[in-house]
Amino acid sequence: MPHRDSFGRRGSAATRVAIGCALVLVAAGCVGPLATQTPTPSTQASASGSPTIGPSASPTATPEPPLSLALPLTRDARRIRVSIQPAVPATGVGHLTVKVTSLATTRVTELVLRWPTPLNGIVFLAPFQPSSGRLTDALVQPWTKWVIGPGEQGEPAGTTSLGWGPLDPGATLTIGLIATRRASGPVAFDLQFLAGEALLSTEAGAPAEARVSIP
């Protein structure tokens, strides 16, 4: 009997110790890892919502206006100052006066004006009014060439090039073009200024190209 009582008391004490340890472990587990547990991805998604990824916007190229010209690949760093004065009636014949002042220190041997050839169907530009009398004055013409591209010197297709010159440093060249109205209504077009086939520069250093508007 004493053996059983002694065994029972030791068993009860051991059982109490085991239960107490178990409670301590459970309590430690509740305070430890569970308190620092990070939310699972599904918990975060439900709390913040799933991100929506839409298609990326692609840039849209701005279309060129009618009667525009592509910029030549060859550039000339020499600078010029340009003024353009159109005086074209709704019908009949008028003028387009272009003044070009050289800001360079070297001579521009040939100054070339270039515009899109389709302009001819609306306003026809020419260095003179065609007539039988002008044919006899060909040797004293102030212009050096008049080419509808493509030309032998590299004039692009769809362009008309008119050469004048020379243009000395600091000098101003006044070019009077005859403008014959062939269609009514306003028109705007690109006008480029080149030294041969190289695009000159403006006073600010930009490509020497102007947008001319005729009412």
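Here the structure is shown first, and the text comes after it.
Residues numbered from 1 in each chain as written. Predicted model: local features only at pLDDT ≥ 70, side-chain atom pairs only at ≥ 80, totals over all residues. Heavy atoms only, no water.

Undergrad: Would you mind showing me how to read the overall build of the chain here?
TA: If you tally the helices and strands in the chain, you get three helices and 10 strands. For the chain, the sequential pattern of α-helices and β-strands runs α-α-β-β-β-β-α-β-β-β-β-β-β. By the burial criterion, 28% of the 215 residues in the chain qualify as buried. Considering only contacts within the chain whose residues lie at least 6 apart along the sequence, 71% involve residues at least 24 apart. Carbon and sulfur atoms form 63% of the exposed surface of the chain, whose accessible area is close to 13200 Å². (Helix = DSSP H or I, 4+ residues; strand = E, 2+ residues; numbered from the N terminus. Buried < 20%, exposed > 50% of the residue type's maximum accessible area, 1.4 Å probe, protein only. Contact = heavy atoms within 4.5 Å. Areas by Shrake-Rupley, 256 points an atom, 1.4 Å probe, with all protein chains shown as cover.)

Undergrad: How should the pairing of strand β6 (residues 159-164) be read in this particular structure?
TA: Each regular strand carries side chains that alternate between the two faces of the sheet. Buried residues dominate β6, accounting for six of its six residues. By the alternation rule, side chains of β6 split into T159, S161 and G163 and T160, L162 and W164, which are all buried. Looking at chain direction, strand β3 (residues 111-116) and β6 are connected through six bridges and run antiparallel. For W115, the partnering residue across the bridge sits in β6 and is T160. Two strands pair when backbone bridges link them, and strand β5 (residues 143-148) and β6 are joined in this way by five bridges, in the antiparallel orientation. Its bridge partner being in β6, W146 is matched across the sheet by L162. (Pairing = 2+ DSSP bridges.)

Undergrad: Would you mind going over the nonpolar core with me for this structure?
TA: For soluble globular proteins, nonpolar side chains are generally found buried alongside one another. Membership of the largest hydrophobic core comes to 31 residues, with the highest contact counts inside it found for L111, L113, W115, L125 and F189. When contributions to this core are tallied by element, the ones reaching two or more residues are β2 (93-102), β3, β4 (123-126), β6, β7 (172-181), β8 (187-195) and β10 (209-214). Residue contributions to this core peak at five residues, all from β8. The contact partners of F189, leaving out residues within four places of it in the chain, are L67, L96, W115, P116, L119, L125, A210, R211, V212 and I214. (Core = buried A, V, L, I, M, F, W, Y, C linked by side-chain atoms within 4.5 Å.)

Undergrad: Even after reading the chapter, I still don't get unusual backbone geometry, so can you show me in this structure?
TA: Trans is the common state for peptide bonds, and a negative phi is the common state for residues other than glycine. With an omega of 5°, the peptide bond running from G149 to P150 counts as cis. Its location among the elements puts P150 in the loop between β5 and β6. Even without glycine at this site, L67 takes up a positive phi of about 60°. By the element assignment, L67 lies in the loop between α2 (41-48) and β1 (75-87).

Undergrad: Just checking my understanding: could you explain the packing of aromatic side chains for this structure?
TA: Aromatic ring pairs are reported here in terms of the distance separating the ring centres and the angle at which the planes meet. With the rule as written, the count across this model stands at four aromatic pairs. Summarising the aromatic geometry, the rings of W143 and W146 are spaced 6.1 Å apart at their centres and angled 80° between planes, so their arrangement reads as edge-to-face. (Phe/Tyr/Trp six-rings, centres within 6.5 Å; stacked < 30°, edge-to-face > 60°.)

Undergrad: Any chance you could explain the pattern of salt bridges here in plain terms?
TA: Pairing is possible between side chains of opposite charge, provided their charged atoms come close. Taken as a whole, this structure holds seven salt bridges when the rule is applied. The residue R107 makes a salt bridge to D168 at a minimum N-O spacing of 2.5 Å. On the criterion of sequence distance, the pair formed by R107 in the loop between β2 and β3 and D168 in the loop between β6 and β7 is long-range, its members being 61 residues apart. Exposure remark for D168: the relative accessible area of 30% places this residue in the partly exposed category. Linked through salt bridges whose partners overlap, the residues forming this network are R114, K145, E155 and E197. (Salt bridge = Lys/Arg side-chain N within 4 Å of Asp/Glu carboxyl O.)

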